[in-house]
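One letter stands for each residue in the lines below.
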Amino acid sequence: MCHFPLGSHECPPIPSTDQPSHHDILNIDRHCAFSTVSDHLLINTPHIPACLFLIRSSVSFAPWESRVPAYTFHPDQPSHDILVPTIDTCRYGSLLQMCMGAGQPLLLVGGTGVGKSVLVKAQIHGLHGTMGSRLEHVVLNCSARTGSKEAQELLEASMVKRGSRLGPPAGHQLVLFVDDINLPEKQLWGAQPPLEMLRLLLDRHGIYERKSLTWKDVLETTVVAACGPPGGGRQDMSRRLTRHMLTLVMPAASEIVMKSICTAVLGGFMDTYFTPDVRSRLLRPLVESCVAVYTAASTSLLPTPSKSHYMFNFRDVVKVLQGILSIKPAQCGSNVQATLTRLWLHEVQRVFGDRLVSPEDRDWLQDLQEQLLISKFGWRSAPAADSANGLGPSTMSAMPALNFADGVVSEALFDGEDQILFGDFLKMGVSRPERVYEQLPSVTKLAQLMERYLDEYNATKGKSSSAAIAAATAAAAGGRAAAQPGGSSSAAAAAAAGGGGGGSRMQLVFFRDAVLHIVHLA
């Protein structure tokens with residue numbers, strides 16, 4: 001649904017007996033269609049379903065499915081920049097391009113992970129293909145600490161003086177994309193300074209010069225914003241600002257859409273690096289399992305006061321795919337299918353399992369993964385003797401000519417000496433572009449590797465430390481977070497408590513550039 005404030009934009013008469021009043025805000029739901037007339041949005045008769053779009057050249061309607069382009073996988077494209085075209089991206093993308101082309105301010109609202117920012121950036125890139133160098137854009141990423149001064153400085157830095165006015169170079173158009181526009185903190189009386197500056201820009205088409213307090217008209221500048229619903233640090237925005245914008249609400253992706261996106265990305269990845277046999281056997285199980293874990297976690301692991309971070313969205317599925325895309329055939333060994341399945345186990349544990357704070361929740365996720373291994377991947381449950389003997393991934397890798405259906409589900413896959421761990425720091429002294437994502441050895445060998453990293457770091461810095469590693473799995477999790485593109489540059493951290501001597505201590509274990517750091521906290 002989207003809200004189109006009419007304001008000063010007059011629409012041509014609608015040939016319908018139940019034409020709405022111009023003083024109303026039209027709620028455009030599933031039974032509307034859109035077109036452009038005289039550079040303004042036109043709302044057509046509400047009796048035309050939204051599954052159709054208007055072809056102005058032939059004055060006819062066609063299904064949106066016909067406009068969905070085929071997705072092409074690009075191995076060098078960062079995972080967080082991937083946009084798989086769907087019906088929804090085509091619908092909202094068309095509206096975005098029409099609004100930006102007509103200079104209509106626009107606000108895109110949706111939950112976390114629905115793809116608002118990626119969609120806006122993709123449409124700006126598409127306009128670059130149409131307008132070329134005549135289109136300029138600047139991105140303002142808001143946070144709770146964003147102030148009006150830095151927002152105005154960013155805007156003015158992308159403009160030039162045109163007499164007594166400001167704007168892009170003559171003949172150009174500037175698009176200001178404000179991401180997370182409702183994050184700036186409110187002042188005592190409810191004002192949000194950066195948003196007040198934007199409201200002045202939209203309301204009066206100009207801003208004040210901060211030093212001389214002289215008025216500057218702003219030319220050829222369109223504001224496009226994106227935000228999530230209020231709550232969790234996001235603020236309610238003043239209607240003095242939102243009344244200037246066409247508001248579009250992006251719904252969360254349905255299960256069918258999520259599966260189609262995962263199939264397009266994983267299918268392109270497997271077509272690029274693996275044989276058709278791997279795709280035919282693994283593509284569907286991997287896609288269905290990723291979506292099944294997300295769906296089950298969203299409905300079963302609900303947030304509570306003690307588990308307020310149990311908030312899952314489609315971005316978590318993308319993170320699992322991001323980890324799977326990190327491996328290459330050379331690191332899969334002779335049994336590619338079993339290696340990719342173990343990688344899926346590891347990625348789900350890192351993305352979902354590392355957030356879980358209670359043993360019951362972690363057992364729930366482990367049981368879910370075991371069920372999916374049996375139902376989707378064709379693995380079999382381990383007999384009691386196999387589980388007691390610790391039949392795990394290292395044992396399976398040693399078996400010659402192991403068939404994919406011979407995978408064994410056991411406790412050793414998730415805990416113990418041979419639990420599944422992947423990372424890109426197995427080889428020391430390798431630069432980040434040359435690192436490979438591969439399965440790590442046993443926990444004992446991994447702990448020894450971490451000690452060597454620590455010795456090398458202490459020798460380089462001229463410091464000494466006799467710290468012991470509390471948990472090698474925490475180091476693997478931190479190394480994975482640091483290696484992911486678009487992730488935190490300082491990596492993830494994990495804390496482990498230990499006792500000894502006259503008191504207890506806390507060890508903070510974290511990674512930075514594949515170097516282990518341990519900080520002792522009394």
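Look up: the structure comes first, before these words.
In what follows, the accompanying structure is described.

What counts, and where the lines are drawn
- Residues numbered from 1 in each chain as written.
- Predicted model: local features only at pLDDT ≥ 70, side-chain atom pairs only at ≥ 80, totals over all residues.
- Heavy atoms only, no water.
- Helix = DSSP H or I, 4+ residues; strand = E, 2+ residues; numbered from the N terminus.
- Buried < 20%, exposed > 50% of the residue type's maximum accessible area, 1.4 Å probe, protein only.
- Contact = heavy atoms within 4.5 Å.
- Areas by Shrake-Rupley, 256 points an atom, 1.4 Å probe, with all protein chains shown as cover.
- Expected span 1.5 Å × (residues − 1).
- Phe/Tyr/Trp six-rings, centres within 6.5 Å; stacked < 30°, edge-to-face > 60°.
- Core = buried A, V, L, I, M, F, W, Y, C linked by side-chain atoms within 4.5 Å.
- Salt bridge = Lys/Arg side-chain N within 4 Å of Asp/Glu carboxyl O.
- Axes fitted to C-alpha atoms, helices over the stretch in contact; angles between N-to-C directions.
- Parallel < 35°, antiparallel > 145°, perpendicular 65-115°, else oblique.
- Left-handed = near helix turned anticlockwise from the far one by under 90°.
- Nonpolar A, V, L, I, M, F, W, Y, C, P; charged D, E, K, R; others polar.
- Patch = residues over 30% accessible without salt bridge, like charges linked within 9 Å, V, L, I, M, F, W, Y side chains within 5 Å.
- Lys, Arg positive; Asp, Glu negative; His and termini not counted.
- Charge placed at Lys NZ, Arg CZ, Asp CG, Glu CD.
- Polar contact = N/O pair within 3.5 Å; in protein donor to acceptor, adjacent residues only side chain to side chain.

Describing the overall build of the protein chain
Now for step 1: Along the protein chain, the regular secondary structure elements total 14 helices and 22 strands.
Now for step 2: Across the 522 residues that make up the protein chain, the buried fraction comes to 45%.
Now for step 3: Taking contacts inside the protein chain between residues at least 6 apart in sequence as the whole, the part at least 24 apart equals 63%.
Now for step 4: Summing over all exposed atoms, the protein chain offers an accessible surface of approximately 26000 Å²; the carbon and sulfur share of this is 53%.

What to know about helix H4 (residues 193-204)
Now for step 1: End to end, H4 covers 16 Å across 12 residues, agreeing with the expected 16 Å (1.5 Å per residue, within 8%).
Now for step 2: Regarding H4, the residues found buried are Pro 194, Leu 195, Met 197, Leu 198, Arg 199, Leu 200, Leu 201 and Leu 202.
Now for step 3: Buried positions along H4 lie against helix H3 (148-157), strand S11 (173-179), strand S12 (206-208), strand S13 (215-217), strand S14 (221-227) and helix H5 (239-242).
Now for step 4: Positioned one or two residues after H4, His 205 has a phi angle of 60°, which is positive.

Examining the packing of aromatic side chains
Now for step 1: Scanning the entire structure with this criterion turns up 8 aromatic pairs.
Now for step 2: Look at Phe 73 and Phe 269: their rings are 6.4 Å apart centre to centre, the planes differ by 75°, and that puts the pair in the edge-to-face class. Taken together, the residues span a long stretch of sequence, with Phe 73 in the loop between strand S6 (60-63) and helix H1 (87-102) and Phe 269 in helix H6 (residues 255-273) at a distance of 196 residues. For the residue pair Phe 73 and Phe 269, the accessibility class agrees, reading buried in each case.

Focus on the nonpolar core
Now for step 1: Core analysis: the biggest nonpolar cluster contains 55 residues, and Leu 266, Phe 269, Leu 340, Trp 344 and Phe 352 have the highest contact counts within it.
Now for step 2: The leading source of residues in this core is helix H7 (residues 276-300), at 11 residues.
Now for step 3: In this structure, Leu 266 is in contact with Leu 283, Leu 286, Val 287, Leu 321, Ile 324 and Leu 325, ignoring residues within four places of it in sequence.
Now for step 4: With 26 residues, the next largest nonpolar core counts Val 138, Cys 142, Leu 176 and Leu 202 among its residues.

Structural notes on the pattern of salt bridges
Now for step 1: On inspection of all chains with the given rule, the structure shows 13 salt bridges.
Now for step 2: With its nearest N and O atoms 3.4 Å apart, the salt bridge here joins Glu 255 to Lys 259. Taken as a pair, Glu 255 and Lys 259 lie in helix H6 at a separation of 4 residues, close to a single helical turn.
Now for step 3: Put simply, Lys 376 and Glu 288 hold a salt bridge, and the shortest N to O gap is 3.1 Å. With Lys 376 in the loop between helix H10 (359-375) and strand S16 (380-381) and Glu 288 in helix H7, this residue pair connects regions lying 88 residues apart in the sequence.

Details of the packing of H1 against helix H2 (residues 116-131)
Now for step 1: Where H1 contacts H2, the axes come no closer than 10 Å and their chain directions differ by 55°. One element, H1, and the other, H2, form an angle in the oblique class. The interaxial crossing formed by H1 with H2 has right-handed handedness. Across the interface between the two elements, Thr 89, Tyr 92, Gly 93, Leu 96, Gln 97 and Met 100 from H1 touch Leu 119, Val 120, Gln 123, Ile 124, Gly 126 and Leu 127 from H2.
Now for step 2: When grouped by side-chain class, the residues that make up the contact of H1 with H2 number 7 nonpolar, 5 polar and no charged.

A closer look at unusual backbone geometry
Residues other than glycine predominantly adopt negative phi, and peptide bonds predominantly adopt the trans conformation.
Now for step 1: Positive phi is not limited to glycine here, since His 205 has a value of about 60°.
Now for step 2: For His 205, the location among the structural elements is in the loop between H4 and S12.
Now for step 3: We classify His 205 as exposed; its relative accessible area is 51%.
Now for step 4: Look at Leu 213: it is not a glycine, yet its phi comes out positive at around 60°.
Now for step 5: In this fold, Leu 213 is placed in the loop between S12 and S13.
Now for step 6: Given the relative accessible area of 62%, Leu 213 is considered exposed.

Overview of a negative patch on the surface
Now for step 1: A contiguous patch of negative charge on the surface is contributed by Glu 360, Asp 363, Asp 367, Glu 411 and Asp 415.
Now for step 2: Among the secondary structure elements, Glu 360 is positioned in helix H10.
Now for step 3: The exposure class of Glu 360 is exposed, given its relative accessible area of 56%.

Brief notes about the packing of helix H8 (residues 314-324) against helix H9 (residues 336-351)
Now for step 1: H9 packs onto H8 with a crossing angle of 140° between their chain directions and a minimal axis gap of 9 Å. When the axes of H8 and H9 are compared, the pair comes out oblique. The interaxial crossing formed by H8 with H9 has right-handed handedness. On the side of H8, the interface is formed by Asp 316, Lys 319, Val 320, Gly 323 and Ile 324, while H9 contributes Leu 343, Trp 344, Glu 347, Val 348 and Val 351.
Now for step 2: The residue inventory of the contact of H8 with H9, partitioned by class, reads 6 nonpolar, 1 polar and 3 charged.

Looking at the environment of Arg 165
Now for step 1: Within the fold, Arg 165 resides in strand S10 (residues 165-167).
Now for step 2: By relative accessible area, Arg 165 is classed as partly exposed at 38%.
Now for step 3: For Arg 165 and Asp 217, which are 52 residues apart along the polypeptide, the C-alpha to C-alpha distance reads 4.9 Å.
Now for step 4: Ignoring any residue separated from it by four or fewer positions in sequence, one finds Arg 165 in contact with Val 160, Asp 217 and Leu 219.

Looking at the side chain of Gln 369
Now for step 1: Topologically, Gln 369 is positioned in helix H10.
Now for step 2: For Gln 369, a relative accessible area of 0% gives the class buried.
Now for step 3: Within the structure, Gln 369 has its side chain in polar contact with the backbone oxygen of Leu 345 (distance 3.3 Å).
Now for step 4: Here the side chain of Gln 369 touches Gln 349 through a polar contact of 2.5 Å, side chain to side chain.
Now for step 5: Here Gln 369 is in contact with Trp 344, Leu 345, Val 348, Gln 349 and Phe 414, once residues within four sequence places are set aside.

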